[in-house]
Amino acid sequence: MAITAEAVKELRERTGAAVEVLTPDFLGKPGAVERVVESAPEVFNHNIETVPRLFPRLRPQGRYGLSLEVLRAAKELFPGQATKSGLMLGLGETDDEVSPVLADLRAAGVDIVM
């Protein structure tokens, strides 16, 4: 997380470029999301990847609820910052499973879904 925050600051200082970060869930480490958000990237991205039923098989190292919490925390800490998440489709999920994921992302304050 520290390296991500430093990279955002350095990129902005050297180039003036807008920055989007794609973050892990930081294994739930306290303060990690805050550190990255404080570097003020224009877009904070953490991909939810899949529906809860498929999470254990497709993201065995992650937890659906933790991914939502990362996104929620980013939006709460810096409401003006865009938040983004990605969802892979075609992996065995049903339409009935996708809609609740989109609702969960919206409830977490996600602005963009890809």
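What this report covers is the structure whose coordinates are included nearby.

Cut-off values and rules
Residues numbered from 1 in each chain as written. Predicted model: local features only at pLDDT ≥ 70, side-chain atom pairs only at ≥ 80, totals over all residues. Heavy atoms only, no water. Salt bridge = Lys/Arg side-chain N within 4 Å of Asp/Glu carboxyl O. Helix = DSSP H or I, 4+ residues; strand = E, 2+ residues; numbered from the N terminus. Buried < 20%, exposed > 50% of the residue type's maximum accessible area, 1.4 Å probe, protein only. Polar contact = N/O pair within 3.5 Å; in protein donor to acceptor, adjacent residues only side chain to side chain. Contact = heavy atoms within 4.5 Å.

It is worth spelling out the pattern of salt bridges at this point. As enumerated under the stated definition, the model contains six salt bridges in all. Ionic pairing is found between Arg 12 and Glu 42, a salt bridge with its closest N-O pair at 3.0 Å. Residue Arg 12 is located in helix α1 (residues 2-15), and its partner Glu 42 is located in the loop between α2 (32-38) and β2 (43-45); the two are separated by 30 residues in the primary sequence. Of the residues examined, Glu 42 reaches a relative accessible area of 35% and is grouped as partly exposed. Between Lys 84 and Glu 20 there is a salt bridge; the shortest N-O distance is 3.1 Å. Within this pair, whereas Lys 84 is found in strand β3 (residues 82-85), its partner Glu 20 is found in strand β1 (residues 20-22), the two being separated by 64 residues in sequence. According to the relative accessible area criterion, Lys 84 is buried, its value standing at 15%. When its relative accessible area of 40% is taken as the criterion, Glu 20 is described as partly exposed.

To continue, consider the side chain of Lys 84. In this structure the side chain of Lys 84 is engaged in a polar contact, spanning 3.1 Å, whose partner is the side chain of Glu 20. Excluding anything up to four places from it in sequence, Lys 84 contacts Glu 20, Val 43, Phe 44, Asn 45, His 46, Leu 71, Val 110, Ile 112 and Met 114.

Before going further, it helps to examine the side chain of Asn 45. For Asn 45, the position within the fold is in strand β2. At a separation of 3.0 Å, a polar atom in the side chain of Asn 45 contacts the side chain of Glu 20.

All quantities given are derived from atomic positions and should not be read as evidence of function.
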